[in-house]
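# Examination of the molecular architecture
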Amino acid sequence: MIVADKKPIEEIIEELGTHEKILILGCNECVTVCEAGGKKEVGILASALRMYFLNQKRDVKIDEETLQRQCDHEYLEEIRDRVDRYDAIVSLACGVGVQFAAEKYFSTPVYPGVNTCFMGATEERGLWTERCQGCGQCILARTGGICPVSRCAKRVLNGPCGGSTDGKCEINKEIICAWQLIIERLKALDRLDDYEALSPLKDWSTDRAGGPRKVVREDVQP
Amino acid sequence: MRLSYPTSIKIIRVPCTGKVDILHILRAFEKGADGVYAVGCMEGDCHYTSGNFRARKRIEQAKALLDTVGVGGERVEMFNLASSEGPLFAKIATEFVQKISDLGPNPIKLNKKHAA
């Protein structure tokens, strides 16, 4: 899932400036799971903002709404009939949702309410770690299911670099060397031969190097 | 024991302080409460293992948030005591009410009146 983190409320207040009718828009998907932008976080932010503006003696109307998703037309359309009542939206969805809402409601300013971080997994409650960078050419089949693109600081593809010490990365002793994990896993799978095989040059044009990307699937297009 | 404590306190019963959510606390202030405190079991004595620790964390979060929005984090507290400690319950209630009285009314409430 996409992992996001809370944005400091002071920053959101600053973004909002002098708006007087604000909709706090949550998302029921990834940001709900990582407890940054779901219905509950919408409630907390809305309540805090209401108190803040009242304290400033400002009459600001703050409403709350949480959509199933903000990255699909049909869910974002659900607020079309009432979006004109607001002069700003704070979207607690990931950066995708914020942008999609902004594209759909062109004349309404949409502000981000979270910091979108990465694609990752919930290791435990309150701890999310990166697992995928969406490089567009998945190599997990030959790296024992552990991704050197997202989990190695240097994204090296043929074994650990010289900075790997005692299975830890040189940038931080708390980060496990991805290649250490890969070798251990390949050993457990009795597939160390995969480690011996040289990785060909990776085509980074499907990564961000090729600019903004898109997936076209004519087979499912209407 | 026939102990008395200030009548300005409204007790909201929950099955465990672990049920207390930050939203409950914020809504109380939005609705005009001058102070909120949670009374949980002694640390290590939670029937559900960690309910009172969870509550304490949420109280800390609420404190930080209330400080940010200008209501004042000192209006929220968490206390731990056993169910047999009636006199301590009354003492805490009296002291907390005194503390909140000294702080004065919730600024939100005052401004709501102005707005109305």
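Residues numbered from 1 in each chain as written. Chains lettered and ligands numbered in written order. Predicted model: local features only at pLDDT ≥ 70, side-chain atom pairs only at ≥ 80, totals over all residues.

## Quick look at the overall build of chain A
Here is the rule: Secondary structure counts use DSSP, requiring at least four H or I residues in a row for a helix and at least two E residues in a row for a strand, with both numbered from the N terminus. Here the globule rule is a power law, 2.2 Å times the number of residues to the power 0.38, and the radius of gyration is based on C-alpha atoms. Three exposure classes are used, all based on how many other C-beta atoms lie within 10 Å of a residue's own C-beta (placed from the backbone): buried at 20 or more, exposed at 12 or fewer, and partly exposed between those limits. Two residues qualify as being in contact provided that their C-beta atoms, derived from the backbone, are within 7 Å of each other.
Helix and strand counts for chain A stand at 8 helices and 7 strands. Relative to its length of 222 residues, chain A is extended, with a C-alpha radius of gyration of 22 Å against a globular reference of 17 Å. Considered along the principal axes of its C-alpha atoms, chain A spans approximately 65 × 45 × 25 Å. Taken over 222 residues, chain A has a buried fraction of 33%. Sequence separation of 24 or more characterises 57% of the internal contacts of chain A that already satisfy a separation of 6 or more.

## Some details on the sheet that holds strand β7 (residues 127–132) of chain A
Residues and elements named next belong to chain A. So the rule is basically this: Note: two strands are recorded as paired if DSSP finds a minimum of 2 bridges between them. Lines fitted to the C-alpha atoms define the axes, with helices restricted to the stretch that makes contact. Angles between their N-to-C directions range from 0 to 180 degrees.
Here 3 strands make up an open sheet; going across it, the order is β1-β6-β7 and the pairing antiparallel. One side of each edge strand has no neighbouring strand; the edge strands of this open sheet are β1 (2–6) and β7. Along the sheet, successive strands turn relative to each other by an average axial angle of 75°, direction set aside. The pairing of strand β6 (residues 114–124) with β7 spans 5 bridges and is antiparallel. Across the sheet, the residue bridging to Glu124 is Leu127, located in β7.

## Observations concerning the sheet that holds strand β2 (residues 21–27) of chain A
Residue and element names in this part refer to chain A. Within the open sheet, the 4 strands sit side by side as β3-β2-β4-β5. Their pairing is parallel. Edge positions in the sheet fall to β3 (61–67) and β5 (110–112), since each of these pairs with one other strand and no more. For this sheet, the mean inter-axis angle between neighbouring strands, taken without regard to orientation, is 25°. With 7 bridges joining them, β2 and β3 adopt parallel strand pairing. When the sheet's bridge partners are listed, Cys27 is paired in β3 with Leu67. Its contacts with the sheet put helix α3 (residues 39–55) on β2 and β3, and the angle it makes with β3 is roughly 175°. Here helix α5 (residues 95–104) sits on the sheet in contact with β2, β4 (88–91) and β5, set at roughly 170° to β5.

## Digging into the interface of chain A and chain B
Quick reminder of the rule: Residue polarity follows a fixed list, in which Ala, Val, Leu, Ile, Met, Phe, Trp, Tyr, Cys and Pro are nonpolar, Asp, Glu, Lys and Arg are charged, and the others, Gly among them, are polar.
The partner chain B presents 17 residues to the 14 residues of chain A that form the contact. Secondary-structure elements contributing two or more residues to the side of chain A that touches chain B are α1 (9–16) and α3 of chain A. At 10 residues, the largest contribution of residues to the side of chain A that touches chain B is made by α3 of chain A. Partitioned by chemical class, the residues of the side of chain A that touches chain B number 6 nonpolar, 3 polar and 5 charged.

## Points about the nonpolar core
All names here are of chain A. Definition in use: In these notes, a nonpolar core means any group of buried Ala, Val, Leu, Ile, Met, Phe, Trp, Tyr and Cys residues linked to one another through C-beta atoms within 7 Å.
One finds Ile24, Val31, Ala48 and Leu92 to be the most contacted residues of the largest nonpolar core, which totals 60 residues. Element by element, the count of residues in this core is highest for α3, at 10 residues. Aside from chain neighbours lying at most four places away, what touches Leu92 is Ile24, Leu25, Gly26, Cys27, Val31, Ala36, Gly37, Glu41, Val42, Gly113 and Val114. Among the nonpolar cores identified, the runner-up in size contains 10 residues, and Val149, Cys169, Cys177 and Trp179 belong to it.

## Brief notes about unusual backbone geometry
For Asp166 of chain A, which is not glycine, the phi torsion reads 50° and is therefore positive. C-beta crowding within 10 Å serves as the criterion here: with 7 such atoms nearby, Asp166 of chain A is assigned to the exposed category. If you check the backbone angles, Thr49 of chain B has positive phi at about 75° while not being a glycine. When you line up the elements, Thr49 of chain B lands in the loop between β1 (36–40) and α2 (51–69).

## A short note on the domain arrangement of chain A
Interface size is commonly expressed as the accessible area that is lost once the parts come together. Test applied: Where each domain begins and ends follows an automated or database-derived domain assignment.
Partitioning chain A into domains gives domain 1 (2–118) and domain 2 (133–202). Spacing between the C-alpha centres of domain 1 of chain A and domain 2 of chain A amounts to 38 Å.

## Looking at the packing of α3 of chain A against helix α1 (residues 22–30) of chain B
Keep this limit in mind: Angles are sorted into four bins: roughly parallel if under 35 degrees, roughly antiparallel if over 145, roughly perpendicular if 65 to 115, and oblique for all others. Crossings are assigned a handedness: left-handed for a near helix turned anticlockwise from the far helix by less than a right angle, right-handed for a clockwise turn.
Running from N to C, α3 of chain A and α1 of chain B point in directions that differ by 25°, and their axes come no closer than 10 Å. Classified by the angle their axes make, α3 of chain A and α1 of chain B are roughly parallel. The two elements α3 of chain A and α1 of chain B meet at a crossing, and its hand is left-handed. Where α3 of chain A approaches α1 of chain B, its residues Lys40, Gly43, Ile44, Ser47, Ala48, Arg50 and Met51 of chain A are matched on the opposing element by Ile22, Leu23, Leu26, Arg27, Phe29 and Glu30 of chain B.

## Here's the deal with the confidence of the model for chain B
Operational definition: On a range of 0 to 100, pLDDT expresses the predictor's confidence in each residue.
When pLDDT is averaged across chain B, the result is 94; 97% of the residues are at 70 or more. For this predicted complex, the interface confidence score (ipTM) comes to 0.92, while the overall pTM stands at 0.93.

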